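Chains, contacts and geometry: an overview
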Amino acid sequence: IMGDLNNIQYEISEAMLEDLADVTYPFTATKAIVGSYDPENPTNVTVQAYSGTGIFGLNFNKQDSEIFQIEQNDQKAIIVKANSSGVPENNDDIVYGGTSFRVIHVLVLPADNGWVLQLRRV
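Residues numbered from 1 in each chain as written. Predicted model: local features only at pLDDT ≥ 70, side-chain atom pairs only at ≥ 80, totals over all residues. Heavy atoms only, no water.

1. Here's the deal with the side chain of Thr99
To keep things clear, this is the line we draw: Secondary structure follows DSSP: runs of H or I at least 4 residues long count as helices, runs of E at least 2 residues long count as strands, and numbering of each begins at the N terminus. Contact definition: two residues touch when any of their heavy atoms are within 4.5 Å.
On the secondary structure map, Thr99 appears in strand β5 (residues 99-108). Apart from residues no more than four positions distant in its own chain, Thr99 is found in contact with Ile94 and Arg121.

2. Comments concerning the nonpolar core
Put simply, the test is: Nonpolar core, defined: a set of buried Ala, Val, Leu, Ile, Met, Phe, Trp, Tyr and Cys residues in which side-chain atoms within 4.5 Å join the residues together. Three exposure classes are used, based on accessible area relative to the maximum for each residue type with a 1.4 Å probe and protein chains only: buried under 20%, partly exposed in between, and exposed over 50%.
Phe27, Phe56, Ile79, Ile94, Leu117 and Leu119 are the most contacted members of the largest nonpolar core, which totals 13 residues. Of all the secondary structure elements, the ones that give two or more residues to this core are β1 (24-34), β2 (45-58), β3 (75-80), β4 (93-96), β5 and β6 (114-121). In terms of residue count, β6 provides more of this core than any other element does, three residues in total. Excluding residues that lie within four positions of it along the chain, Ile79 makes contacts with Phe27, Thr53, Gly54, Phe56, Ser84, Ile94, Gly114, Trp115 and Leu117.

3. Some details on the pattern of salt bridges
So the rule is basically this: We define a salt bridge as a contact between a side-chain nitrogen of Lys or Arg and a carboxyl oxygen of Asp or Glu at a distance within 4 Å.
One pass over the full model with this rule turns up seven salt bridges. Across the pair Arg120 and Asp74 runs a salt bridge whose closest N-O atoms are separated by 2.8 Å. In this pair, Arg120 sits in strand β6 while Asp74 sits in the loop between α2 (62-67) and β3, placing the two residues 46 residues apart along the sequence. When the shortest N-O distance is used, the salt bridge between Lys81 and Asp112 registers 3.4 Å. With Lys81 in the loop between β3 and β4 and Asp112 in the loop between β5 and β6, this pair connects stretches of sequence that are 31 residues apart. Note on Lys81: relative accessible area 33%, which makes it partly exposed. In the salt-bridge network here, residues are joined through shared partners; they are Lys31, Glu89 and Asp92.

4. What to know about the sheet that holds β1
Note on sheets: strands pair through backbone hydrogen bonds, and any given pair is parallel or antiparallel. In plain terms, the rule: Should DSSP find at least two bridges between two strands, the strands are taken to pair. What counts as an axis is a line fitted to C-alpha atoms, over the stretch in contact for a helix, and the angles between N-to-C directions run from 0 to 180 degrees.
On the basis of which strands lie adjacent, the closed barrel formed by six strands has the order β1-β2-β3-β6-β5-β4 and antiparallel pairing. Adjacent strand axes in the sheet meet at a mean angle of 45 degrees, parallel and antiparallel pairs treated alike. Looking at chain direction, β2 and β3 are connected through two bridges and run antiparallel. What sits directly across from Leu58, in β3, is Lys76.

This is the structure in structure tokens:
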């Protein structure tokens, strides 16, 4: 079964580079990692960067509104694990197409091979 999952992930990654290339965009992202309290460095935050490609600018459907608290200009994105050097989390900042977004909500895909993101323009 694991071999089949790897094959499917590979095929999806390839499709994003070929057949879905017109809706797939490169992105860069950052996350703030708060360390333990240090009185000499009270902000003690490390910024970690990651990047990849994803399908951005998708619209939410009625089923999504049952999961997400969607605002008018929110966008939906899909990122496949094989196409990302990091794991997206709430409050990460993602930039694609020259526009900055904040990750509001992350939903793991049922096959555990990627994520559906709710993005809000920053």
